[in-house]
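Spelled out, the chains give:
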Amino acid sequence: DNHLTSLPKGLACLAPMLRTLKLSRNRIRHFGHVSDYPTQLRSLELIGNNAEICIQPSTVPSQAVCLQSQLQNPVKCMHGSHNSLNTLQHLNIGRNQLTEIILEVDSPLITESQHPTSPTLTDNMLFPKLQSFMFSQNQISEIPRGIHKLQGLRNLDISKNERIKHIPLKIHQLKDLV
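Residues numbered from 1 in each chain as written. Predicted model: local features only at pLDDT ≥ 70, side-chain atom pairs only at ≥ 80, totals over all residues. Heavy atoms only, no water.

## Here's the deal with the overall build of the protein
1) Next: For the protein, the helix and strand inventory stands at one helix and five strands.
2) Next: Reading the helices (α) and strands (β) of the protein from amino to carboxyl end gives α-β-β-β-β-β.
3) Next: Expressed as a percentage of its 178 residues, the buried residues of the protein come to 41%. (Helix = DSSP H or I, 4+ residues; strand = E, 2+ residues; numbered from the N terminus. Buried < 20%, exposed > 50% of the residue type's maximum accessible area, 1.4 Å probe, protein only.)

Put into structure tokens, the structure is as follows:
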């Protein structure tokens, strides 16, 4: 148990190749934006923080100075310019106070220059490669919109979210869900 109250500043910049991040049992109330996390992250655990605000879509690209650059020669940081975590496979945000989880945004996150072929089902997903998604023991009242688009999802834990009254019919589209 630590006493962190926020995400470490500059995490995407200082640890761009980080694969696993466990910040469980802290006091982080807001899980920040997608761009606050390293792009190569594969596993993220934010269990038991009493957080009220889940990971949010990135807003405007960061104009911050790169923390890896020399102070004498500051450059604009590109580490926090992403708006999805394309390699994230495991997300556990259980035992918090979350009331909403955003998985999908209205407009595509991938531009035509990044993805020149036709749009795919996951172009507007924050975590398109999720295989394991745990959000038990929160205050969620609805299954996150777009969950049926996570075609690689194998494990889903929504237990002890007493406010959830129904499971969306589209959940049957998740063929790998065990």
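## Digging into the environment of Leu-126
1) Next: With respect to the element layout, Leu-126 can be found in the loop between strand S3 (90–92) and strand S4 (132–134).
2) Next: On a C-alpha basis, the gap between Leu-126 and Leu-85 in space is 6.1 Å, while along the polypeptide they are 41 residues apart.

## What about the pattern of salt bridges?
1) Next: Tallied over the entire structure, the rule returns four salt bridges.
2) Next: Here Asp-106 and Arg-145 are joined by a salt bridge, their closest N and O atoms 3.2 Å apart. Residue Asp-106 is found in the loop between S3 and S4, and its partner Arg-145 is found in the loop between S4 and strand S5 (155–157); the two are separated by 39 residues along the sequence.
3) Next: Several salt bridges converge on common partners, so that one network encompasses Glu-104, Asp-106, Arg-145 and Lys-149. (Salt bridge = Lys/Arg side-chain N within 4 Å of Asp/Glu carboxyl O.)

## Some points on the packing of aromatic side chains
1) Next: Evaluation of the coordinates by the stated rule reveals one aromatic pair.
2) Next: Centre to centre, the rings of Phe-133 and Phe-135 are 4.8 Å apart; their planes meet at 45°, and the pair counts as tilted. Summarising the burial analysis for this pair, Phe-133 and Phe-135 share the class buried. (Phe/Tyr/Trp six-rings, centres within 6.5 Å; stacked < 30°, edge-to-face > 60°.)

## Regarding the nonpolar core
In summary, soluble globular proteins display a tendency toward joint burial of nonpolar side chains.
1) Next: Residues Tyr-37, Ile-93, Phe-127 and Phe-133 are the most contacted members of the largest nonpolar core, which totals 37 residues.
2) Next: Filtering out sequence-adjacent residues up to four positions away, Ile-93 remains in contact with Phe-31, Leu-46, Cys-54, Leu-98, Ile-101, Phe-133, Met-134, Phe-135 and Asn-138. (Core = buried A, V, L, I, M, F, W, Y, C linked by side-chain atoms within 4.5 Å. Contact = heavy atoms within 4.5 Å.)

## Overview of unusual backbone geometry
Leaving glycine aside, a negative phi is the common case for residues, and trans is the common case for peptide bonds.
1) Next: In this structure, Arg-25 takes a positive phi of about 55° despite not being glycine.
2) Next: Among the structural elements, Arg-25 can be located in the loop between strand S1 (20–22) and strand S2 (43–45).
3) Next: Arg-25 gets classed as partly exposed once you look at its relative accessible area, which sits at 46%.
4) Next: Phi at Lys-160 is positive, roughly 60°, even though this residue is not glycine.
5) Next: Residue classification places Lys-160 among the exposed positions, given a relative accessible area of 55%.

## As for the sheet that holds S4
What links the strands of a sheet is backbone hydrogen bonding, and the strands pair in either a parallel or an antiparallel sense.
1) Next: The five strands are arranged S1-S2-S3-S4-S5 in an open sheet whose pairing can be described as parallel. Edge strands, defined here as strands with exactly one partner in the open sheet, are S1 and S5. The average angle at which neighbouring strand axes cross in this sheet is 5°, direction not considered.
2) Next: Inspection of the sheet shows S4 paired to S5 by three bridges, in the parallel sense. Within the sheet, the bridge partner assigned to Ser-132 lies in S5 and is Asn-155. (Pairing = 2+ DSSP bridges. Axes fitted to C-alpha atoms, helices over the stretch in contact; angles between N-to-C directions.)

## Concerning the side chain of Ser-84
1) Next: Tracing the sequence through the fold places Ser-84 in the loop between S2 and S3.
2) Next: In this structure the side chain of Ser-84 is engaged in a polar contact, spanning 3.0 Å, whose partner is the side chain of Asn-86. (Polar contact = N/O pair within 3.5 Å; in protein donor to acceptor, adjacent residues only side chain to side chain.)

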